[in-house]
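# Fold and contact review
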Amino acid sequence: MMSMIEHEKKVDIFNFVNNMRKRRSFMVQVQSQYEFIYETLLQWSVCPVVTCHVPDIAMVRSKWRAIDPTTGKTEMAKQFELLDYITPGGANLTTHSALRPDNVKKNRFPDRVPADRSRPRLTMEGDYAGANDYINASVFNSEGKKNAYISTQWPLSSTVTDILRLVWDYGCQAVVLLDEMDKTCVQFWPTQGKKKCGSFTVELFEEYQDVDFVTKRVLNITSTSEKEARRLTQYHFHGWPKNQSVPKSKSNFCWLILHIQEENDEERPLLIVCIDGFGKSGTFLAAMATINKVKRDKTMDVFSAVKRLRKTRPGVVDSLERYELCFDVVEAYSDYVKTYVNAM
């Protein structure tokens, strides 16, 4: 079919698959496989190259940011538009749990709700009227691990114990905070000493700054119902202003990702918190996935990282500027590696 597109400037997927089935039954057995063919051919015809090897990152990034005089668009813009086309905004995903009358008030924004199939289920019993298994959050897989990451909105006054239930139920050992608090946000840890949050007691064990743009806190969380204490490390990033699409510094953002990876294993989920559990959290996950791909395969592929995340939470990485940031972060990572190697 790729040859047909090249030579005839058209494609007939239906008849091609139909002829295949005449020669061999059960080829392309399910709808998802048929859709995959469409997506692959569309991507190949619009953006045939979405990956590059590590040595070429700087050159490719510069080339893909240049405006094509025939279209008036950059290659990155074409990739982003293609992503929006092949990953529509969740029409096929249900959000029944989020829209139940007893759960609607738990959503900070009515248009920022998780899909039923990818939301975490809280199992620890809640301690307020209306508590159930719902929290506005999404669970993401990494390429090598199921349930590797969880993104959630900053808790409201009515849901502050739910984020602690989430941490407890899923065994999170670290949480990343990507926003500063405003008047609608509830602080779920004490400024000093201990704080009672429903059936939990949260103690601030340690607080300090490794760098001026990250505050690190070590918390002891005790469940009074289970009579057990666990430790949670919190990384509060101060480099992403409230109404700014991307962080102030790509290098600082890259440092945050690498520092968290260095200090935490991948056995337990990493919790990412931002104001809506969607915008900044999704961008953080895309940048982290792209860096992981570079580490593992020596290849950069932002397109596939975002495409995979959108299967869990449609629409994440919701602007071209945030898509471009992922390329910038990879270049910052590449510079970091070069600096480290040269210092050896």
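Above this note sits the structure.
Residues numbered from 1 in each chain as written. Predicted model: local features only at pLDDT ≥ 70, side-chain atom pairs only at ≥ 80, totals over all residues. Heavy atoms only, no water.

What the protein contains, in helices and strands, is 11 helices and 12 strands. Counting every position in the protein, which comprises 344 residues, the buried fraction comes to 50%. Intrachain contacts of the protein at a sequence separation of at least 6 include 64% that bridge at least 24 residues. Counting every atom, the protein has about 17300 Å² of accessible surface; 52% of that belongs to carbon and sulfur. (Helix = DSSP H or I, 4+ residues; strand = E, 2+ residues; numbered from the N terminus. Buried < 20%, exposed > 50% of the residue type's maximum accessible area, 1.4 Å probe, protein only. Contact = heavy atoms within 4.5 Å. Areas by Shrake-Rupley, 256 points an atom, 1.4 Å probe, with all protein chains shown as cover.)

Attention shifts here to unusual backbone geometry. At Lys-227, a position not held by glycine, the phi torsion is positive, near 50°. Among the secondary structure elements, Lys-227 is positioned in the loop between strand S9 (214-223) and strand S10 (228-237). The exposure class assigned to Lys-227 is exposed, which follows from its relative accessible area of 72%. Look at Val-317: it is not a glycine, yet its phi comes out positive at around 60°. The class for Val-317 is buried, based on a relative accessible area of 0%.

Our next topic: the pairing of strand S4 (residues 137-140). Both faces of S4 are covered, namely the face carrying Ala-137 and Val-139 and the face carrying Ser-138 and Phe-140. As paired strands, S4 and strand S5 (residues 149-153) are joined by 4 bridges and run antiparallel to one another. Among the inter-strand pairings, Val-139 is bridged to a residue of S5, identified as Ile-150. (Pairing = 2+ DSSP bridges.)

The next subject is the side chain of Gln-173. Counting through the fold element by element, Gln-173 comes out in the loop between helix H7 (160-170) and strand S6 (174-177). Of note is the side chain of Gln-173, whose polar atom sits 3.1 Å from the side chain of Asp-265. In this structure, Gln-173 is in contact with Arg-231, Leu-232, Thr-233, Asn-264, Asp-265, Arg-268 and Pro-269, ignoring residues within four places of it in sequence. (Polar contact = N/O pair within 3.5 Å; in protein donor to acceptor, adjacent residues only side chain to side chain.)

Here we come to the pairing of S5. For S5, the buried fraction is high: 5 of the 5 residues fall into the buried class. Going residue by residue along S5, you find Tyr-149, Ser-151 and Gln-153 tucked away on one face and Ile-150 and Thr-152 tucked away on the opposite face as well. Relative to strand S11 (residues 270-274), S5 runs parallel, the two sharing 5 bridges. Bridge assignment links Gln-153 to a residue of S11, and that residue is Cys-274.

Attention shifts here to the packing of aromatic side chains. The final tally for this structure, using the stated rule, is 12 aromatic pairs. Between Trp-168 and Phe-200, the aromatic rings sit 5.9 Å apart at their centres with planes inclined by 55°, giving tilted as the arrangement. Residue Trp-168 is found in helix H7, and its partner Phe-200 is found in strand S8 (residues 200-211); the two are separated by 32 residues along the sequence. Assessed through its relative accessible area of 5%, Trp-168 is described here as buried. (Phe/Tyr/Trp six-rings, centres within 6.5 Å; stacked < 30°, edge-to-face > 60°.)

A few words on the sheet that holds S5. In space, the 8 strands of this open sheet follow the order S4-S5-S11-S6-S10-S9-S8-S7, with mixed pairing throughout. The open sheet has two free edges, formed respectively by S4 and strand S7 (194-197), since each of these has just one partner strand. Adjacent strand axes in the sheet meet at a mean angle of 25° when their direction is disregarded. Strands in contact with helix H8 (residues 250-263) are S6, S8, S9, S10 and S11; relative to S10, the strand with the most contacts, it is inclined by about 160°. (Axes fitted to C-alpha atoms, helices over the stretch in contact; angles between N-to-C directions.)

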